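Fold and geometry: a report
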Amino acid sequence: ALQKMPADVSGFTLVQLSDLHLGRLVSLERLGWIVDQVNGLSPDLVVITGDLIDRDIWQEEAFGQQLKRIKARYAVLAIPGNHDYYAGYERFLELARRSNIAVLRNQRLVFAGAIQVAGLDESAGRSFAEGGPDLEKALAGNDPGRPTILLVHSPDGFLRAVARKIDLQLSGHTHAGQIPPVDGLLWLIYPYAFGYHENGGSRIYTSCGTGIWGPPMRLFSRNEIVRFTLVRR
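Everything numeric in this text was worked out from a predicted model, so none of it was measured.

Points about empty space enclosed by the protein
Empty pockets left among the atoms are what a rolling probe the size of a water molecule brings to light. Taken as a whole, this structure holds one cavity of 30 Å³ or more when the rule is applied. Around the largest cavity, the lining residues are L120, L135, L150, V152, G157, R160, A161 and Q169. For the lining of the largest cavity, the class distribution of residues is five nonpolar, two polar and one charged.

Here we look at the sheet that holds strand β9 (residues 195-199)
If you walk across this open sheet you meet the six strands as β5-β6-β7-β8-β10-β9, and the pairing is mixed. Edge positions in the sheet fall to β5 (107-111) and β9, since each has one partner strand and no second. Each strand of the sheet is rotated relative to its neighbour by a mean of 20 degrees, with strand direction disregarded. Pairing analysis gives four bridges linking strand β6 (residues 115-119) to strand β7 (residues 148-151), with the strands arranged parallel. Its bridge partner being in β7, A118 is matched across the sheet by L150.

Notes on the pattern of salt bridges
Opposite charge on two side chains allows them to pair when their charged atoms are near. For the coordinates displayed, the defined rule picks out nine salt bridges. The partner of D167 in a salt bridge is K4, with the nearest N and O atoms 3.4 Å apart. Taken together, the residues D167 in the loop between α7 (158-163) and β8 (168-171) and K4 in the segment before β1 (12-17) connect sequence positions 163 residues apart. A residue is classified by how much of its surface remains accessible, and D167, at 7% relative accessible area, is buried. Two residues, R98 and E94, come together in a salt bridge whose shortest N-O distance is 3.6 Å.

Topic: helix α4 (residues 89-98)
Residues spaced three or four apart along an α-helix point in a common direction, a consequence of the helix completing one turn every 3.6 residues. All buried positions along α4 are accounted for by Y89, F92, L95 and A96. Each buried residue of α4 lies within a common arc of 125 degrees when the element is viewed along its axis, so the set occupies one face. Exposed side of α4, more than 90 degrees from the buried face: E90 and R97 are the residues found there. Where α4 is buried, its residues contact α2 (60-67), β3 (75-79), α3 (82-87) and β4 (102-103). Looking one or two places after α4, you find N100, whose phi comes out positive at around 60 degrees.

Notes on the nonpolar core
Across soluble globular proteins, you tend to see nonpolar side chains buried next to one another. Core analysis: the largest hydrophobic core is formed by 28 residues, its most contacted members being L17, L22, L52, L67, I70 and L95. Counting residues per element, the ones that place at least two in this core are β1, α1 (28-40), β2 (45-49), α2, β3, α3 and α4. The contacts of I70, once residues within four sequence positions are left out, are L17, V35, V38, N39, V46 and V76. Formed by 23 residues, the second largest nonpolar core is a distinct cluster that contains F12, L14, I115 and I149.

Things to note about the packing of aromatic side chains
Counted according to the given criterion, the structure contains seven aromatic pairs. With a centroid separation of 5.8 Å and 45 degrees between ring planes, the pair formed by Y89 and F92 is classed as tilted. Here the residue Y89 and the residue F92 both occupy positions in helix α4, the gap between them amounting to three residues, near one helical turn. Note on accessibility: Y89 and F92 belong to one class, buried.

The rules behind these values
- Residues numbered from 1 in each chain as written.
- Predicted model: local features only at pLDDT ≥ 70, side-chain atom pairs only at ≥ 80, totals over all residues.
- Heavy atoms only, no water.
- 1 Å grid on protein atoms, 1.4 Å probe; cavity = no way out; pocket = protein on both sides within 12 Å on 5 of 7 lines; lining within 4 Å.
- Points joined across faces, edges and corners; volume = space filled by probe spheres on them.
- Nonpolar A, V, L, I, M, F, W, Y, C, P; charged D, E, K, R; others polar.
- Pairing = 2+ DSSP bridges.
- Helix = DSSP H or I, 4+ residues; strand = E, 2+ residues; numbered from the N terminus.
- Axes fitted to C-alpha atoms, helices over the stretch in contact; angles between N-to-C directions.
- Salt bridge = Lys/Arg side-chain N within 4 Å of Asp/Glu carboxyl O.
- Buried < 20%, exposed > 50% of the residue type's maximum accessible area, 1.4 Å probe, protein only.
- Arc of directions from axis to C-beta.
- Contact = heavy atoms within 4.5 Å.
- Core = buried A, V, L, I, M, F, W, Y, C linked by side-chain atoms within 4.5 Å.
- Phe/Tyr/Trp six-rings, centres within 6.5 Å; stacked < 30°, edge-to-face > 60°.

Right under this line is the structure:
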């Protein structure tokens, strides 16, 4: 529930995917199943919070055909993650282009005349593409009286969002640790390692990841597709 949510757009639905890590460990059938699940949720907006691809990505054209099937009322958005840079930023951009996915890199868009969505670049961009996160640029022109959603690959910058009174930050990156003891050690690095948290009127959801990285194993967490319904408080 958001106090700033206009009554006429209350019920806006958003689906978050994160850390798909498309590569040799991801089959076309698996990606197709994920797309079908997303479409079954009838989202107004779909966001991908980084690490869409990995270094060993293959069959980009076939992956793109599957991703292009995602249906959202307004748009499908993505921000880069560190692995998107490791795999090649231009490669990431090309897959996004052929999949009709709009990439936000320190940019902001407005949907339904009220929902502000800002996407922050990944810090790896400083080394690979003369980029890097710029929160001020991403929020340029932002209306504090309207709901704001901030897409940030890693959850470690949430306090900056709190200071700017961001309503909801969506992140990923951590995979909830996938297996012990990494899942426990995450909390020593990230105060908001996974799940839903609130701080000073701002909220963050850190996805456990739609995909996996490294060994195809999980314990005490699950891959997830997350659906949010934004309503007026």
